[in-house]
Amino acid sequence: METLDAFSKDLLRETANIMAQKTAHPIETILRQKTVISKPEIMMQKMEFVADSLGQPDEVRDSVFIRILGDGKGAAVLLMKPEDSQKLLLDVDKAMRTDALREIANIVAGACLGGIARLLSLKLMQSVPVATSDMSRAIVNEIVSEVGLTNADLLCALINVAIGPENIPLSMVFIFDTDTTNLIISKSKDMTNQ
Amino acid sequence: MARIIQVPTADYAIASAPDSLSTVGIGSCIVICLYAPKTKTGALLHCMLPREEYDLSNSLRNVDTAVNQVIEEFLAKGIHLPDLTAKIAGGAQMFAGVDNKETNIGMRNIEETKRLLTTLKIPIMGEEIGGSRARSLIFELESGTVTISSAQLANDDTFDTGLTKIL
């Protein structure tokens, strides 16, 4: 993975851009609030460095984890500070907030994965979303341990979203294993006839 | 002056009193604190996976190879296996509903750690393992005490990092 050429990196950036574009519409539809999507960040890292690149290790995050299955293997992860998710879901009954967050992650992940699956002719499925609130490093390390079990080189696409007039931040992270990353590159090259 | 040495994921540190070793955000990972009381020397290992089976790029990622590396360093310092005791923490399952043993990394980390320490005849003097909460810990080399905390949800929906257990 460290030896990816510039063209392959560009292809991965473009894939992340497509995923980012697919993020805005479902969030705006569910929450009826304007969203601003930042330019996605692409990181290729060993599994042990992923968690600390996504935030302070001991900071608490509300999170939703969705496995990516099918032609590719990976994970989609929603991360929010608890105070931000409370602000975002103020109108939602307290007992239902975790369900609401799970649903947001599920729909956003579906839109993003559907977008690249159609573009690259891949079959990508997603698991039932599961949620927890705890320290950021603990959450992400468990996910990358599963995705990176056979090869520790992982591709991470980080999409930051600012929601509504208060710009409430939400992060979606897509993590792919080495084989899936190579598949995305190969399919993208086929598309561009390179 | 006593230092608190932070140990990142897939890494370890060895130090002696009056220093302390610390690591934060332990979920499914397993943390092994090895202690030689006579010399007040200890090691803290923060491992992600049970065994070196696939990716060999970092031997400190896995329990088996990381422990062997630390034992070598202890031996070089004149500290032998019978001098050591262990305390372990971690091996949680952060996401409820992911019950497949194949993918329950936390449980596999606990099993491998216990198997290895038993094989090496290093007694486990304390443990805070399993469950579904993340942990942070500090290992004081003056006393060999391991203090573990975890993020607890308070009544007002905020999180406090409260004391969980002293080993």
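Structural data are supplied above this passage.
To start, this report covers the structure provided alongside it. These numbers come from a predicted model, not from an experiment.

How each quantity is defined
Residues numbered from 1 in each chain as written. Chains lettered and ligands numbered in written order. Predicted model: local features only at pLDDT ≥ 70, side-chain atom pairs only at ≥ 80, totals over all residues. Heavy atoms only, no water. Helix = DSSP H or I, 4+ residues; strand = E, 2+ residues; numbered from the N terminus. Buried < 20%, exposed > 50% of the residue type's maximum accessible area, 1.4 Å probe, protein only. Contact = heavy atoms within 4.5 Å. Areas by Shrake-Rupley, 256 points an atom, 1.4 Å probe, with all protein chains shown as cover. Buried area = accessible area lost by both parts, 1.4 Å probe. Salt bridge = Lys/Arg side-chain N within 4 Å of Asp/Glu carboxyl O. Nonpolar A, V, L, I, M, F, W, Y, C, P; charged D, E, K, R; others polar. Phe/Tyr/Trp six-rings, centres within 6.5 Å; stacked < 30°, edge-to-face > 60°. Expected span 1.5 Å × (residues − 1). Pairing = 2+ DSSP bridges. Axes fitted to C-alpha atoms, helices over the stretch in contact; angles between N-to-C directions.

1. What about the overall build of chain B?
Helices and strands together make up the secondary structure of chain B, namely two helices and ten strands. Reading the helices (α) and strands (β) of chain B from amino to carboxyl end gives β-β-β-β-β-α-β-α-β-β-β-β. A total of 167 residues make up chain B; the buried ones form 55% of that total. The long-range fraction of contacts in chain B, counting pairs at least 24 apart against all pairs at least 6 apart in sequence, stands at 58%. For chain B, the accessible surface area stands at approximately 7,200 Å², while carbon and sulfur atoms represent 53% of it.

2. Here's the deal with the interface of chain B and chain A
Contact with chain B, which involves 39 residues of that partner, is made by 33 residues of chain A. Taking both partners together, chain B and chain A bury about 2,800 Å²; carbon and sulfur atoms supply 61% of that area. For the interface between chain B and chain A, the tally reads two salt bridges. Between Glu48(A) and Arg61(B) there is a salt bridge; the shortest N-O distance is 2.8 Å. Mapped onto the side of chain B that touches chain A, the elements with two or more residues apiece are β3 (20–26), α2 (105–119), β8 (135–140) and β9 (145–153) of chain B. If one sorts the elements of the side of chain B that touches chain A by residue count, β3(B) sits on top with four residues. Of the residues belonging to the side of chain B that touches chain A, the class tally is 18 nonpolar, 15 polar and six charged.

3. Quick word on the side chain of Glu112(B)
Residues and elements named next belong to chain B. Relative to the assigned elements, Glu112 resides in helix α2. Residue classification places Glu112 among the buried positions, given a relative accessible area of 6%. Excluding anything up to four places from it in sequence, Glu112 contacts Pro50, Arg51, Val63 and Asp64.

4. Structural notes on the pattern of salt bridges
Applying the stated rule across the entire model yields 14 salt bridges over all chains. Overlapping salt bridges bring together Arg51(B), Glu112(B) and Arg115(B) as one network.

5. What to know about the packing of aromatic side chains
Scanning all chains against the criterion turns up two aromatic pairs over all chains. Arranged with centres 5.2 Å apart and planes meeting at 55°, the rings of Phe65(A) and Phe95(B) form a pair that is tilted. Of this pair, Phe65(A) sits in strand β3 (residues 60–70) while Phe95(B) is found in the loop between β6 (85–90) and α2, placing the two residues in two different chains. In this pair, the class of Phe65(A) matches that of Phe95(B), namely buried. On the basis of an interplanar angle of 70° and a centroid distance of 5.8 Å, the ring pair of Tyr35(B) and Phe139(B) is categorised as edge-to-face. With Tyr35(B) in strand β4 (residues 30–36) and Phe139(B) in strand β8, the pair connects residues that are 104 residues apart, well separated along the chain.

6. Concerning α2(B)
Think of an α-helix as 3.6 residues a turn; residues three or four steps apart then line up on the same face. Residue and element names in this part refer to chain B. With 15 residues, α2 should cover 21 Å at 1.5 Å per step; its first-to-last C-alpha distance of 21 Å lies within 8% of that length. Of all the positions in α2, only Ile105, Gly106, Arg108, Asn109, Ile110, Glu112, Thr113, Leu116 and Leu117 are classed as buried. Just beyond α2, the residue with positive phi is Lys121, at close to 60°.

7. Considerations on the sheet that holds strand β7 (residues 124–129) of chain B
Residues and elements named next belong to chain B. Spatial ordering of the open sheet is given by β2-β5-β4-β6-β7, a layout of five strands whose pairing is mixed. Edge positions in the open sheet fall to β2 (11–16) and β7, since each of these has one partner strand only. The average undirected angle you get between the axes of adjacent strands in this sheet is 10°. Pairing analysis gives five bridges linking β6 to β7, with the strands arranged parallel. Residue pairing across strands places Lys87 opposite Gly126, the latter belonging to β7. Against the sheet, helix α1 (residues 63–76) makes contact with β2, β4 and β5 (41–47), and its axis sits at roughly 160° relative to β5, the strand it touches most.

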